[in-house]
Amino acid sequence: MYKANAVYIVTGREWMIFMKNRDNEFFDQQKLDELVKNRDLDTLRDQMVRILACPCCLNGFKHCRKYLKVFSVEEIQQTPYLATAAALICAIYGDLKQAEEFCQYVEQIPLMKLHLDIIIPGNDTEKMQNALIQLYKLASTEEILPNLPLAAGRITLINGFRDLTCYNDLVHDQKEQLKKWIKLFYGESAVGIAEVAYAEVCYLRDECFEAITTLVGIIPFIEKEGEVAVLFVALSLQMKIMIATGQIAVVYPILDMIYQRLYKERSRWLLENFDALKAWGLMYDGDVYTVADWMEQDAPSEFGELCMLDTYKYLIKMRAYILEEKYIAMLSLAEYLRQPLENTGRIMDICEMNLLCAISYYLSNKEEKAFCILDETIPIIKERRFDRLVADEGEKIYTVLRSYRNARRITDIYLDHLIDLAKKMALLYPDYLRKIKEDLPALTETEKEILLLLADERTNAEVADFMDISINTIKFHLKNIYAKLKVKTRQQAVKTAQKNKLLYDTVYKLMSIGKSHRKEGLM
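Cut-off values and rules
Residues numbered from 1 in each chain as written. Predicted model: local features only at pLDDT ≥ 70, side-chain atom pairs only at ≥ 80, totals over all residues. Heavy atoms only, no water. Helix = DSSP H or I, 4+ residues; strand = E, 2+ residues; numbered from the N terminus. Contact = heavy atoms within 4.5 Å. Areas by Shrake-Rupley, 256 points an atom, 1.4 Å probe, with all protein chains shown as cover. Buried < 20%, exposed > 50% of the residue type's maximum accessible area, 1.4 Å probe, protein only. Arc of directions from axis to C-beta. Salt bridge = Lys/Arg side-chain N within 4 Å of Asp/Glu carboxyl O. Axes fitted to C-alpha atoms, helices over the stretch in contact; angles between N-to-C directions. Parallel < 35°, antiparallel > 145°, perpendicular 65-115°, else oblique. Left-handed = near helix turned anticlockwise from the far one by under 90°. Phe/Tyr/Trp six-rings, centres within 6.5 Å; stacked < 30°, edge-to-face > 60°. Lys NZ or Arg CZ within 6 Å of the ring centre and 35° of its normal. Nonpolar A, V, L, I, M, F, W, Y, C, P; charged D, E, K, R; others polar.

**Q** Summarise the overall build of the protein chain; cite the residues concerned and give the values.
**A** Counting its regular elements, the protein chain contains 31 helices and zero strands. Taking the contacts inside the protein chain whose residues are at least 6 apart along the sequence as the reference set, 69% of them involve residues at least 24 apart. Surface exposure of the protein chain reaches about 24,800 Å², of which carbon and sulfur atoms provide 53%.

Put into structure tokens, the structure is as follows:
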């Protein structure tokens, strides 16, 4: 007979394995599906309890949803672990009212209730703070290691399972004390959490040197002893800093490193955000085709049920809409997210979204609407020092802010500072969020292929030999290329084609053909 209030005890060794990657080996979809099919509810309940008792990314909880539906509401209410999972899943899908109702059935197990008071987002920060204090006392006196999540669908620690940016001053100014607190909450897996959170705050405040110095010092230790989720945040932050300091070439090896590490550690929940991170990073390099591919295959839809764990991906999708000049779609997506973000106290996400809304309104010739949003948002950004949140949007936000300052006749040192930061990013990445230029005459496929060979520094004779046509034909094509691009030399032709991204579609097609051939076993 199954006991509703049974507590599954995880051994120390199991705990450390699970904390390492939060992959949770008890979540075996095939086995769980088989239990559902056979209606073996006792075993399914036991397996669910094991899953929920172990460290897990919150992304993993949403995949438990269909298995919870097998049980009646009464059975869930009578089983604290299932009630806990139900509360978390309701919060994940934005139903805070239903989440609170399930929380009532965990009252008899204070440890679980404290976890829910901390994890489930909302605007009641006092309740969260009290729960943190109580959990801290339990961890200190009874040697209980809490089971708190980390990033929760976001590639950040300070804005992870909750928006904790109201504590940025504490994180920035009391790093050593923070390390002691985090050690009590996360045990041996606390390696690097305080340092990465500190580096995040430094980056937001445009203290890039301090941020990168901190990361370089702690990443090797995280790789050896820490959680993969913390490493993911650290490496992603390192990539951000490289972009902010003009080192875009470093982005590609960092992305490869992140992917290889996540794949090696079987971090399936963390991999869900990798492609979105890649799409965002390559926007700065003007790689619109990677962005288009992500939008087509992996971007979440706004035409269905909202999952709060997809917020990071939605924010990247907003940028993709701006890139494609689909401003109405971008603003519609923002309104889809606004109320859930406000209900869950996601101040940083709202500020980020509002900046993108201001850009979209401004580019839609609705300047006053853009400025009204900035009237509300800039004071919050100033209070919490979200400097890089603004600066990283480059030329588009630079143009908006400059017009805003002039229209409102604002004299403010901090606003001037933000405009200067955005101007620097605009100069570094003129192609960020910019659609491919189409004002030059279209090149033929043959002309594009010849330009690709010229970019490889091949002579006319080598190009003719490769293309299997005569040198005179090559010269004829070159004459047409020079006329279309309004240049006089092959070097100018290559530079103009690259600047206007005229060869991207040809490269993309060749890559697609290569992938197709490999799938067919031809390569």
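Structure shown, so let's carry the discussion forward.
**Q** Explain helix α8 (residues 96-103) to me, and be specific about the residues and the numbers.
**A** Those residues of α8 not exposed but buried are L96, A99, F102 and C103. Seen along its axis, α8 keeps its buried residues to an arc of 115°; they face one direction.

**Q** Can you explain unusual backbone geometry? Please cite residues and give values.
**A** The backbone phi angle of R409 is positive, close to 55°, even though this residue is not glycine. Phi at K486 takes a positive value of approximately 60°, unusual for a residue other than glycine. Taking relative accessible area as the criterion, K486 reaches 71% and is therefore assigned exposed.

**Q** How would you explain the environment of E342 if you had to name every residue and give the values?
**A** With respect to the helices and strands, E342 occurs in helix α21 (residues 327-343). In the structure, E342 is positioned 219 residues away from N123 in sequence and 8.3 Å away in space, judged by C-alpha atoms. Those residues within four positions of E342 in sequence are excluded, and the remaining contacts are N123 and I350.

**Q** Could you give me a rundown of the pattern of salt bridges, with the residues and numbers involved?
**A** Taken as a whole and assessed by the stated rule, the structure comprises 31 salt bridges. Notably, a salt bridge pairs R319 with E352, separated by 2.8 Å at the nearest N-O pair. Of this pair, R319 sits in helix α20 (residues 311-323) while E352 sits in helix α22 (residues 347-363), and the two are 33 residues apart along the sequence. When its relative accessible area of 4% is taken as the criterion, R319 is described as buried. What emerges from the salt-bridge pattern is a single network uniting D42, R45 and E75.

**Q** Would you mind going over the packing of helix α27 (residues 445-455) against helix α28 (residues 460-467) in detail, with residue names and values included?
**A** The contact between α27 and α28 brings their axes to 10 Å, and the two run at 130°. Taken together, the axes of α27 and α28 are oblique relative to one another. The crossing of α27 and α28 is right-handed. Contact residues: T446, E449, I450, L453 and L454 in α27; V463, F466 and M467 in α28.

**Q** Any chance you could break down the packing of aromatic side chains for me, citing the residues and the numbers?
**A** For the coordinates displayed, the defined rule picks out nine aromatic pairs. Measuring from centroid to centroid gives 6.2 Å for Y136 and F185, while their planes differ by 50°, and the two rings are tilted. Of the two residues, Y136 sits in helix α10 (residues 125-141) while F185 sits in helix α12 (residues 175-186), which places them 49 residues apart along the sequence. By relative accessible area, which is 10% here, F185 ends up buried. Between F371 and Y404 the ring centres are 5.7 Å apart and the planes differ by 50°, which places this aromatic pair in the tilted class. Highlighted residues: F371 in helix α23 (residues 367-384) and Y404 in helix α25 (residues 394-408), separated in sequence by 33 residues. As far as the burial class goes, F371 and Y404 line up, both buried. When the ring centre of W280 is taken as origin, the NZ or CZ atom of K240, which lies over that ring, is 6.0 Å away. The ring of F466 is capped by R458, whose NZ or CZ atom sits 5.0 Å from the centre of that ring.

**Q** Outline the side chain of S360, listing residues and values.
**A** Mapped onto the fold, S360 is located in helix α22. Given a relative accessible area of 0%, S360 falls into the buried group. Residues contacting S360, with those up to four places away along its chain left out, are I322, Y327, M330 and L331.

**Q** I'd love a proper account of the packing of helix α19 (residues 288-297) against α20, names of residues and values included.
**A** Packing of α19 against α20 brings their axes to within 11 Å, and their N-to-C directions diverge by 125°. Overall, the two elements α19 and α20 adopt an arrangement that is oblique. Viewed along their axes, α19 and α20 form a crossing whose handedness is left-handed. Across the interface between the two elements, V288, V291, W294 and M295 of α19 pack against K313, I316, K317, A320, Y321 and L323 of α20. For the contact of α19 with α20, the residue count by class is eight nonpolar, no polar and two charged.

Note that every value here comes from positions in space, so none of it alone points to a role or purpose.
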